[in-house]
Amino acid sequence: ALTTGIVGLPNVGKSTLFNAITQAGAESANYPFCTIDPNVGIVEVPDYRLNKLTELVEPQKTVPTAFEFTDIAGIVEGASKGEGLGNKFLSHIRQVDAISHVVRCFEDENITHVSGSVDPIRDIQVINLELILADMETVEKRIGRVEKMAKQKDKDAMAEFEVLDKFREAFENEMPARSVELSTEQIKIAKGLHLLTWKPVLYVANVSEDEILDADQNPYVAKVKDFALTEGSEVIVVCAKIESEIAELEGEEKEEFLNDLGIEESGLDQLIKAAYSLLGLETYFTAGKQEVRAWTIRKGTKAPQAAGVIHTDFERGFIRAEVVSFDDLITAGTMSVAKENGKVRLEGKEYIVQDGDVIHFRFNV
Ligand code: GDP
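What counts and what doesn't
- Residues numbered from 1 in each chain as written.
- Predicted model: local features only at pLDDT ≥ 70, side-chain atom pairs only at ≥ 80, totals over all residues.
- Core = buried A, V, L, I, M, F, W, Y, C linked by C-beta atoms within 7 Å.
- Buried ≥ 20, exposed ≤ 12 C-beta atoms within 10 Å, placed from the backbone.
- Helix = DSSP H or I, 4+ residues; strand = E, 2+ residues; numbered from the N terminus.
- Domains from an automatic or database assignment.
- Contact = placed C-beta atoms within 7 Å.
- pLDDT = per-residue confidence, 0-100.
- Near = placed C-beta within 6 Å.
- Nonpolar A, V, L, I, M, F, W, Y, C, P; charged D, E, K, R; others polar.

Right, let's get into the nonpolar core. Counting 68 residues, the largest nonpolar core has Val103, Tyr203, Ala205 and Val207 as its most contacted members. Per-element tally for this core: the top contributor is helix H4 (residues 120–151), with seven residues. No fewer than three residues from each of domain 1 (3–49 + 63–115 + 199–278) and domain 2 (126–197) sit in this core. Ignoring sequence-local partners within four residues, the contact set of Ala205 consists of Val103, Cys105, Pro120, Tyr220, Val221, Val224, Val235 and Val237. The next biggest cluster of nonpolar side chains, apart from the first, holds 22 residues, and it includes Leu50, Ala294, Val323 and Phe326.

Next up, the structure:
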């Protein structure tokens, strides 16, 4: 399964946030495919469409879709030189598909900052630099291999060398691989290099309890946003402490608490949604009397493979899919009206499932 790794320097609020994630806890019985590991937190993806479908269909049970966050501990300066838990840290990052990078934007005299003061940009750069140095090593090794062939006008080698050279230049300027502009062809080459700084990043600005409502006033947050812009990354603002309190609540209690605080959507819910889309994930639905359920696919997945997420038999015996978009179904009001209006399509093996599709699969057993 695709996963997002949570990284950050010590004392920035990582564990507090990760605890909120595990507290909010998805019922793992619903998600047998998820990893059972203390460093992995399973989160359910909040989706208003699932609530709407539940109102419409009135099923016995509603099941959201879920995905994983992995807690990656142990970053220290010098990781790229194998110091401390350095190597382990880098190999953990290698295994995740996206990164949520928590940075401290709250002042608190009682909580020591590893570098003595609050400075989120310096913190970001400490971690990014370790990853950049590790990538530089990868790129230089690769250059050593292809440079000669490129000089002999080998086409593939020349194309790869061009990409490697762009990355080398970015790294020399302490910029991550993801900040480099590439053509579609070059992106394919870049993916094959498995660079750490190619992975998409979401910066999570952790602000104090009294700043969560007007986080825009927090100068640290503004700096993080400016920085993120330079590499095309996103920023989410949370207060980890409040999130850990919210995570203990459910349903009405949770809503009341959010209302009292004047918050529309918890930071954790925002983080979950942002991480989900950062991973390139999308949701389709099945809606029957027994169960209304959301399912996760990668963007661009074809109908049989999407069916395979429910059960391998569905993929193997796939005949066709009856598809209606969420919006069309809601406009129609019921499935039979949607059918009468010609909004329910029959799709075959080549159909690329769209985010928000409501699907009934036909298959042979
Ligand atoms: P980690 O080392 O990055 O995992 O950091 P922790 O989650 O252990 O947090 C370090 C300290 O900062 C703990 O004492 C937390 O209670 C505190 N902390 C975390 N988030 C916040 C916050 O939003 N506001 C305040 N005031 N303290 C926080």
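A residue-level look at the protein finds 94% of positions with pLDDT of 70 or above and a mean pLDDT of 90. Within the protein, the element-level pLDDT minimum falls on helix H3 (residues 86–95), averaging 83, and the maximum on strand S8 (residues 281–287), averaging 97. This complex was scored by the predictor with a pTM of 0.88 and an ipTM of 0.91.

With that settled, the discussion passes to the site of the ligand. As a structural note, the neighbourhood of the ligand is formed by 17 residues, with Gly13, Lys14, Ser15, Thr16 and Ala240 the closest of them. For the shell around the ligand, the elements supplying multiple residues, two or more each, are helix H1 (14–24) and helix H8 (240–246). Element by element, the count of residues in the shell around the ligand is highest for H1, at three residues. Its residues placed into classes, the shell around the ligand shows six nonpolar, seven polar and four charged.

With that settled, consider unusual backbone geometry. Positive phi, close to 65 degrees, is recorded for Asn11, a residue that is not glycine. In this fold, Asn11 is placed in the loop between strand S1 (3–7) and H1. Overall, the presence of 13 C-beta atoms within 10 Å leaves Asn11 in the partly exposed class. At His194, a residue that is not glycine, the phi angle is positive and equals roughly 50 degrees. Structurally, His194 is set in the loop between helix H6 (184–191) and strand S6 (201–206). The exposed category is assigned to His194, around which 11 C-beta atoms lie within 10 Å.

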